Amino acid sequence: YSSAASDVYKRQLLSSLVTALFQHGSIVTTEAKAKELRHVADKMISLAKRGDLHARRQAEAFVMDKDVTKKLFDEIAKKYTERNGGYTTMAKLEARQGDNAPQVLIALVD
């Protein structure tokens, strides 16, 4: 694959992961994916904290589900008004059975 194609796949993967994280509050994924996801999730929550129309449209361009975007702006952002970053936490789990990939639980901080 060319680097442009791999960038598209990476964006789609992160978009899917961040949507699932905001929908469920926590997800289990590989350590490498979780480290990338942290930055994207923090950026989306920062956009939601801004709360203006441009920020909402930027978030909707990345988050796959409009209901999840609504939840992000209405519920999740309100929890973190006093917090400046560090919205997620990671806990290591057992390695994945098939390929021994390191697994982590990434969750939104309460």
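Being a predicted model, the structure only gives us computed values, none of them experimental.

Colleague: Give me the packing of aromatic side chains: which residues, what numbers.
Modeller: Enumeration according to the criterion identifies 1 aromatic pair in this entry. It is Arg 56 that lies over the ring of Phe 73; its NZ or CZ is 4.3 Å from the centre.

Colleague: Explain the packing of helix H2 (residues 31-50) against helix H4 (residues 66-79) to me, using residue names and the numbers behind them.
Modeller: In the contact formed by H2 and H4, the axes pass within 9 Å of each other and the chain directions differ by 95°. For the element pair H2 / H4, the angle class is roughly perpendicular. Contacts between H2 and H4 involve Met 44, Ile 45, Leu 47, Ala 48 and Lys 49 from the former and Leu 72, Phe 73, Ile 76 and Ala 77 from the latter. Grouping the amino acids of the contact of H2 with H4 by side-chain chemistry returns 8 nonpolar, no polar and 1 charged.

Colleague: Please give an account of the side chain of Ser 15 that cites residues and values.
Modeller: Mapped onto the secondary structure, Ser 15 falls in helix H1 (residues 3-24). Under the relative-accessibility criterion, Ser 15 is labelled buried at 7%. For Ser 15, the side chain forms a polar contact with the main-chain oxygen of Phe 62, separated by 2.4 Å. Not counting the four nearest positions on each side in its chain, Ser 15 is found in contact with Phe 62, Val 63 and Met 64.

Colleague: Explain helix H3 (residues 53-62) to me, using residue names and the numbers behind them.
Modeller: Along H3, the residues classified as buried are Ala 55, Ala 59 and Phe 62. Mapping the buried residues of H3 onto a view down its axis gives an arc of 60°, with all of them on the same face. Exposed and oriented more than 90 degrees from the buried face of H3 are Leu 53, His 54, Arg 57 and Ala 61. Looking at the packing, one finds that the buried side of H3 touches H1, H2 and H4.

Colleague: Explain the nonpolar core to me, using residue names and the numbers behind them.
Modeller: Within the largest apolar cluster, 29 residues are counted, with the highest numbers of intra-cluster contacts made by Val 18, Phe 22, Met 44, Ile 45 and Leu 72. In terms of residue count, H2 provides more of this core than any other element does, 8 residues in total. Each residue touching Val 18, except ones within four places of it in the same chain, is listed here: Leu 37, Val 40, Ala 41, Met 44, Phe 62 and Val 63.

Conventions and cut-offs
- Residue positions are given per chain, counted from 1 along the sequence in the order it is written.
- The model is predicted, so local features are restricted to residues of pLDDT at least 70 and side-chain atom pairs to those at 80 or more, both for listing and for counting; the totals for chains, interfaces and linings are taken over all residues.
- Just so you know, side-chain values use all the structure's heavy atoms and leave hydrogens and water out.
- Working definition: rings of Phe, Tyr and Trp (its six-membered ring) pair if their centres are within 6.5 Å, and the pair is stacked with planes under 30 degrees apart, edge-to-face with planes over 60 apart, and tilted otherwise.
- Two thresholds decide whether a charge sits over a ring: the Lys NZ or Arg CZ must be within 6 Å of the ring centre and within 35 degrees of the ring normal.
- Only C-alpha atoms enter the line fits that serve as axes; for helices the fit covers just the stretch in contact. Angles between N-to-C directions range over 0 to 180 degrees.
- The secondary structure listing takes helices from DSSP runs of H or I that are at least 4 residues long and strands from runs of E that are at least 2 residues long, numbered from the N terminus.
- Should an angle lie under 35 degrees it is considered roughly parallel, over 145 roughly antiparallel, and from 65 to 115 roughly perpendicular; all remaining angles are considered oblique.
- Throughout, a residue-residue contact means that at least one pair of heavy atoms, one from each residue, lies within 4.5 Å.
- The nonpolar class holds Ala, Val, Leu, Ile, Met, Phe, Trp, Tyr, Cys and Pro. Asp, Glu, Lys and Arg form the charged class, and all remaining residues, Gly among them, are polar.
- Partly exposed describes any residue whose relative accessible area lies between the buried limit of under 20% and the exposed limit of over 50%, with all areas from a 1.4 Å probe on protein chains only and scaled to the type maximum.
- Side-chain atoms alone can form a polar contact between residues adjacent in sequence; in general such a contact is a pair of N or O atoms within 3.5 Å, and within protein one must be able to donate a hydrogen while the other accepts it.
- Think of it as the arc spanned by the lines of direction from the helix axis to the C-beta atoms.
- The term nonpolar core refers to a set of buried residues drawn from Ala, Val, Leu, Ile, Met, Phe, Trp, Tyr and Cys, joined through side-chain atoms within 4.5 Å.

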